[in-house]
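# A look at the structure
Here are the chains, one letter per residue:
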Amino acid sequence: MNINELGKYLHGTHIAEIWQSLLTLYDSVDHYTVAFQQRHAISCPVGCGTCCEHFIPEITTEEASLVAAYILLVKQDCSLLNRLESFDESSSVCPLYDKDSPFHCTVYPARALICRLFGACPSSDKQNRPIFRKCKYNTRNDTPEFVLPQEFLIEEQPVSVMSVFGTQLKALTADQILKPIHTSVLEAAGTLQFIMRYFTDNDSGPDIPNSPTPVAS
Ligand code: SF4
Ligand code: SF4
């Protein structure tokens, strides 16, 4: 199963609708950032994941639910939940970072909005104009230090900045609360495991393959 098939497991439920809405938003963000980077010859060094070594994302309940669903239903890898449970809060490395994996992120298809935008999307300057600043860890000489992407506006599509996508995310967010990724994903995993058990116990829901042993409820 891939992440786009997640909705069928809880088809017709609010949580499945939220996953779908998030994936639609993420898809548009990814299209935008790829086009933006191509337009302005921006790229990260091959294999770089330094941002994830200095960043503990704070994410919404809904984003955490998608990450938890990806871990439990797509990857079916409870070791990631164990990793979140034993996370040392004094660490500055994201608990879902894996130095040895190709993308470094163990939940790459489900990663949160901020993880998609960092280093790849303009923000706003003091005059509220779009500006892209090269990530301080980016060692590529062929990536510009900054871009004022006004021409992008004229030729192809309106320039979006991080806050625009942030507003779109907020529209999907019920409680507006951000929590560190280890806390929020563990809570979401507990909720999801409860729901999955309900569907299974009542034999009225989807066929959930090899539901992992709950570790986070
Ligand atoms: S969730 Fe993934 S992309 Fe985001 S900071 Fe952690 S390892 Fe990096
Ligand atoms: S955003 Fe910066 S730290 Fe992250 S992968 Fe790109 S260059 Fe590396």
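The rules behind the values
- Residues numbered from 1 in each chain as written.
- Chains lettered and ligands numbered in written order.
- Predicted model: local features only at pLDDT ≥ 70, side-chain atom pairs only at ≥ 80, totals over all residues.
- Heavy atoms only, no water.
- Helix = DSSP H or I, 4+ residues; strand = E, 2+ residues; numbered from the N terminus.
- Areas by Shrake-Rupley, 256 points an atom, 1.4 Å probe, with all protein chains shown as cover.
- Phe/Tyr/Trp six-rings, centres within 6.5 Å; stacked < 30°, edge-to-face > 60°.
- Lys NZ or Arg CZ within 6 Å of the ring centre and 35° of its normal.
- Near = heavy atom within 4 Å.
- Nonpolar A, V, L, I, M, F, W, Y, C, P; charged D, E, K, R; others polar.
- Pairing = 2+ DSSP bridges.
- Salt bridge = Lys/Arg side-chain N within 4 Å of Asp/Glu carboxyl O.
- Buried < 20%, exposed > 50% of the residue type's maximum accessible area, 1.4 Å probe, protein only.
- Contact = heavy atoms within 4.5 Å.
- Axes fitted to C-alpha atoms, helices over the stretch in contact; angles between N-to-C directions.
- Parallel < 35°, antiparallel > 145°, perpendicular 65-115°, else oblique.

A count of helical and extended segments in the chain gives seven helices and five strands. Of the roughly 11,600 Å² of accessible surface on the chain, a fraction of 53% belongs to carbon and sulfur atoms.

Looking now at the packing of aromatic side chains. Here the structure, examined in full by the defined rule, presents four aromatic pairs. With a centroid separation of 4.5 Å and an interplanar angle of 15°, the aromatic rings of Phe-103 and Tyr-108 are classed as stacked. Among the aromatic side chains, those forming a connected cluster through ring pairs are Tyr-32, Phe-36, Phe-132 and Phe-165. Here Arg-111 stacks its cationic end above the ring of Tyr-108, 3.8 Å away from the centre of that ring.

Surveying the vicinity of ligand 1 reveals the residues Cys-52, Phe-55, Pro-57, Cys-94, Leu-96, Tyr-97, Cys-105, Cys-115 and Ile-181. Classifying every residue of the shell around ligand 1 gives nine nonpolar, no polar and no charged.

Before going further, it helps to examine the site of ligand 2. Every residue lining ligand 2 is accounted for by Cys-44, Pro-45, Cys-48, Thr-50, Cys-51, Phe-118, Gly-119, Cys-135, Tyr-137 and Asn-138. The residue inventory of the shell around ligand 2, partitioned by class, reads seven nonpolar, three polar and no charged.

This next bit is on the pairing of strand β3 (residues 130-133). Two faces make up the sheet, and in a regular strand the side chains alternate between them. Here two bridges tie strand β2 (residues 123-124) to β3, and the two strands are oriented antiparallel to one another. Note on β3: the bridge partner recorded for Ser-124 is Pro-130. Taken together, the two bridges between β3 and strand β4 (residues 146-147) define a ladder with antiparallel strand orientation. Looking at the pairing, Phe-132 lines up with Val-147 of β4.

Across all of its chains, the model carries six salt bridges by this definition. Here Asp-125 makes a salt bridge to Arg-129, at a shortest N to O gap of 2.8 Å. Classification of Asp-125 by relative accessible area gives buried; the value is 14%. As a salt-bridge pair, Asp-142 and Arg-140 come within 2.7 Å of each other at their nearest N and O atoms.

The next subject is the side chain of Ser-160. Positionally, Ser-160 belongs in the loop between α5 (150-155) and α6 (162-170). The contacts of Ser-160, once residues within four sequence positions are left out, are Tyr-32, Cys-121, Pro-122 and Phe-165.

The relative placement of two packed helices comes down to the angle between their axes together with the axis-to-axis distance. Axis separation between helix α1 (residues 14-39) and α6 bottoms out at 11 Å; the angle between their running directions is 170°. The angle between α1 and α6 falls in the class roughly antiparallel. Here α1 contributes Leu-22, Leu-25, Val-29 and Tyr-32 to the contact with α6, which in turn contributes Phe-165, Gln-168 and Leu-169. Partitioning the contact of α1 with α6 into residue classes produces six nonpolar, one polar and no charged.

Turning our attention to the sheet that holds β2. Spatially, β2-β3-β4 is the arrangement adopted by the three strands of the open sheet, whose pairing is antiparallel. Both outer strands of the open sheet, β2 and β4, are each paired with one neighbouring strand and no more.

Attention shifts here to unusual backbone geometry. The backbone of Ala-41 sits at a positive phi, close to 50°, despite the residue not being glycine. Tracing the backbone through its elements, the reader meets Ala-41 in the loop between α1 and β1 (58-59). Given a relative accessible area of 47%, Ala-41 falls into the partly exposed group. Positive phi, close to 70°, is recorded for His-104, a residue that is not glycine. Looking at where His-104 falls in the secondary structure, it is placed in the loop between α3 (79-85) and α4 (113-117).

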